Amino acid sequence: MTRHLLPLALAAAIAFPAMAGATDLPTPPRIIVSGEGEATVAPDLAVLTLSVMREAKTARGALDANNDAMAAVIAAMKSADIKDRDLQTAGIQINPRYNYTNKPDGSQEAELVAYQVTNTLSVRVRDVDKTGEILDKAVSLGVNQGGGIAFTNDNPAATVTEARKKAVANAMTKAKTLAQAAGVSLGRVLEISDQNIAPAPMPINAKAFDAAAGAAAPVQAGENSYNVQVTVTFELK
């Protein structure tokens with residue numbers, strides 16, 4: 001039995017070094033390039049951040065006043081055809097406000113003078129043309145804290161795909177230029193990775209609008225630019 005197994009053991013001993021040697025083959029020459037692509041599209045969604053702050057001697061009084069003001073803002077949003085799914089409370093804060101008096105010994109004496117309640121509402125406006133009108137209504141009904149606005153797209157997939165194609169084409173052009181300059185040829189693509197860069201929100205200060213002016217706030221939606229960066233690894237021949 002031992003004599004029959006010995007040739008198999010020797011064959012295995014010879015095969016394993018051969019397999020190990022195969023994994024030590026030199027890495028084929030390659031080139032790594034980056035590419036950028038950009039595609040633009042008009043926004044079809046505006047996201048507003050509206051805050052109402054009310055102050056009173058007691059926390060209960062400040063909360064009641066704030067509730068009344070925010071209820072009026074929410075009612076105005078619904079009357080402007082904003083659906084419930086597009087209204088979301090983003091936060092409620094209750095903070096005491098103090099007056100500080102300097103004492104002769106250098107210390108300070110704190111006096112509680114009021115409570116402040118701030119309620120923040122996030123609103124998605126699907127009819128972008130009505131954004132200025134809705135901002136004007138909100139400010140007229142009690143929005144009195146710095147808010148924000150971001151123009152975005154409900155489904156930017158097609159635009160991002162266009163930007164991705166442009167980024168890959170840009171990377172391939174770069175790679176061909178570099179390979180030609182080096183006197184080599186491009187082989188197959190070994191690896192591709194990408195990174196999407198979404199447009200940044202545009203801040204707006206709600207206090208800048210004059211509620212007494214009567215006209216809707218002038219708002220320009222412009223275009224959203226979606227950028228894609230890719231890194232492509234090519235084999236060289």
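Residues numbered from 1 in each chain as written. Predicted model: local features only at pLDDT ≥ 70, side-chain atom pairs only at ≥ 80, totals over all residues. Heavy atoms only, no water.

Caption draft 1: Main features of the environment of Ile149. Relative to the helices and strands, Ile149 resides in strand E5 (residues 145-152). Looking at Ile149, the relative accessible area reads 3%, which means it is buried. With 99 residues separating them in the primary sequence, Ile149 and Leu50 have C-alpha atoms 9.0 Å apart. (Helix = DSSP H or I, 4+ residues; strand = E, 2+ residues; numbered from the N terminus. Buried < 20%, exposed > 50% of the residue type's maximum accessible area, 1.4 Å probe, protein only.)

Caption draft 2: View of helix H3 (residues 131-140). The element H3 is largely enclosed, with a buried count of seven among its ten residues. Inspection of H3 places Thr131, Gly132, Ile134, Leu135, Asp136, Ala138 and Val139 among the buried residues, and these make up the whole buried set. Just past H3, the residue Gly142 takes up positive phi, approximately 130°.

Caption draft 3: Representation of the environment of Asn66. When you line up the elements, Asn66 lands in helix H2 (residues 59-79). Taking the C-alpha atoms as reference points, Asn66 and Thr118, 52 residues apart in sequence, are found 7.3 Å from one another.

Caption draft 4: Inspection of the pattern of salt bridges at higher detail. Applying the stated rule across the entire model yields eleven salt bridges. The salt bridge involving Asp86 is made with Arg126; its shortest N-O contact spans 2.9 Å. Here the residue Asp86 occupies a position in the loop between H2 and strand E3 (87-102), and Arg126 occupies one in the loop between strand E4 (108-125) and H3, the gap between them amounting to 40 residues. According to the relative accessible area criterion, Arg126 is partly exposed, its value standing at 31%. Here Asp154 and Arg126 are joined by a salt bridge, their closest N and O atoms 3.8 Å apart. (Salt bridge = Lys/Arg side-chain N within 4 Å of Asp/Glu carboxyl O.)

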